[in-house]
Amino acid sequence: MRYFVFFSVFISSLYGAACLFSSTACANTNERPIVVSAAYWKEFTNRDNTGVYFELLDEVFDGYTIHYQTSTYPRALNQFKQHKADVMVGVYQHDLPDAVYATWILDTDLPIHIFYRPDSPPSDNLNEIFIGKQVAWRKGYGFDSLFPNIESAYPLDTIEAGFELVLNRRLDYMLDYDINYLEAYHGRIHHKAIREGDKLYLAFKNTPRGKALAAHFDATMPLLRDSGKLEEIYGSHYDRSGLAEFAVLTPSGID
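A brief look at the structure comes next. Residue numbers here run from 1 along each chain, matching the order of that chain's written sequence. Where totals are concerned, whole chains, interfaces and linings use all residues; where local detail is concerned, this predicted model gives features only for residues with pLDDT of at least 70, and gives and counts side-chain atom pairs only at 80 or more. Excluded from the side-chain calculations are hydrogens and water; all other atoms, namely the structure's heavy atoms, are used.

As a further point, take the sheet that holds strand β6 (residues 112–116). Here a strand pair is declared whenever DSSP counts at least two bridges between the two strands. Labels follow the DSSP assignment, with helices taken as runs of H or I lasting at least four residues and strands as runs of E lasting at least two, numbered in each case from the N terminus. The strand order across the open sheet built from five strands is β8-β7-β9-β6-β10, with neighbouring strands paired in mixed fashion. Strands at the two margins of the open sheet, each flanked by one partner only, are β8 (152–156) and β10 (190–195). On average, each strand axis in the sheet is inclined to that of its neighbour by 30°, with strand direction left out of account. Of the strand pairs in this sheet, strand β7 (residues 134–138) and strand β9 (residues 173–177) are connected by two bridges, and their pairing is parallel. Bridged to A136 within β9 is M174. When checking whether two residues touch, look at their non-hydrogen atoms; a contact exists if any pair is within 4.5 Å. What counts as an axis is a line fitted to C-alpha atoms, over the stretch in contact for a helix, and the angles between N-to-C directions run from 0 to 180 degrees. Helix-sheet contacts for helix α6 (residues 159–167) involve β6, β7, β8 and β9, and the interaxial angle to β9 is about 145°.

This next bit is on unusual backbone geometry. Unlike most non-glycine residues, N49 shows phi in positive territory, near 70°. Mapped onto the fold, N49 is located in the loop between β1 (34–39) and α3 (52–60). Phi at R169 is positive, roughly 65°, even though this residue is not glycine. Within the fold, R169 resides in the loop between α6 and β9. Residue classification places R169 among the exposed positions, given a relative accessible area of 53%. Buried, partly exposed and exposed residues are distinguished by accessible area as a fraction of the type maximum, computed with a 1.4 Å probe on protein chains only: under 20%, between the cut-offs, and over 50%, respectively.

The rule for a salt bridge is simple: a side-chain nitrogen of Lys or Arg has to be within 4 Å of a carboxyl oxygen of Asp or Glu. For the coordinates displayed, the defined rule picks out eight salt bridges. Between D119 and R117 there is a salt bridge, and its shortest N-O distance comes to 3.6 Å. With a shortest N-O distance of 3.1 Å, K229 and E232 are connected by a salt bridge. Remark: E232 and K229 occur in helix α8 (residues 229–234); sequence separation between them is three residues, near one turn of the helix. On the accessibility criterion, K229 (22% relative accessible area) is partly exposed.

What follows covers the packing of aromatic side chains. For Phe, Tyr and Trp, rings pair up if their centres lie within 6.5 Å, where Trp contributes its six-membered ring, and each pair is then called stacked (planes under 30 degrees apart), edge-to-face (over 60) or tilted (otherwise). Across all of its chains, the model carries 18 aromatic pairs by this definition. With a centroid separation of 4.8 Å and an interplanar angle of 50°, the aromatic rings of W104 and F246 are classed as tilted. Remark: F246 occurs in the segment after α9 (238–241) and W104 occurs in the loop between β4 (100–101) and β5 (107–108); sequence separation between them is 142 residues. Judged by centre distance (6.1 Å) and plane angle (65°), the ring pair of F143 and Y177 falls under edge-to-face. Highlighted residues: F143 in helix α5 (residues 143–146) and Y177 in strand β9, separated in sequence by 34 residues.

Here's what the structure looks like:
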């Protein structure tokens, strides 16, 4: 989903990294806050610092002060790349190949939908669907890596702009998520799923502290699942998330 979202975590000392495994001890230090960068995704990373992913991070890193930075996806990515944020939330691993990733996923993205005019439905054949078509999606969404046969792509600043360009026949299709289907365009724009959602992750800085944070995330997630807390946090999104059945494989391939 890029409805998804997407965070950065920064710890100011090696002692702080060690404290990750003891929230009580950490809460009593002068540790610098964890800075988390994310795109705004309704219900998941709200601008008032509420939402599923923010609630999860509050639970995982209990005892720390966390500063949330919520903006657009491209800006959130840049904050992470420019070391202005320390954990980036809701990314595909190919978006930030140099980052450190926990083994546990954050979520499973929503299916990707294609939005189109009713008089111009797309082909059901994914090998032909984009031939000769002008396609667009919001800046920062790496859909070109998921659909390599797209011939012509246009970056959008807003989803509203995409709907209008499709309606005015300046675009053939727009790619986005069903959750972002604005009511004002119901009936005038149709849509359907063309790809199931991929796994979403937290990206951590590639430093000893970043690796410690990722390890702490991995250590805490199964505890939250076993206690029922994960299901409580994700609510109606839990079944789709893939967290209930997520299994960490050992090198021998045994859970």
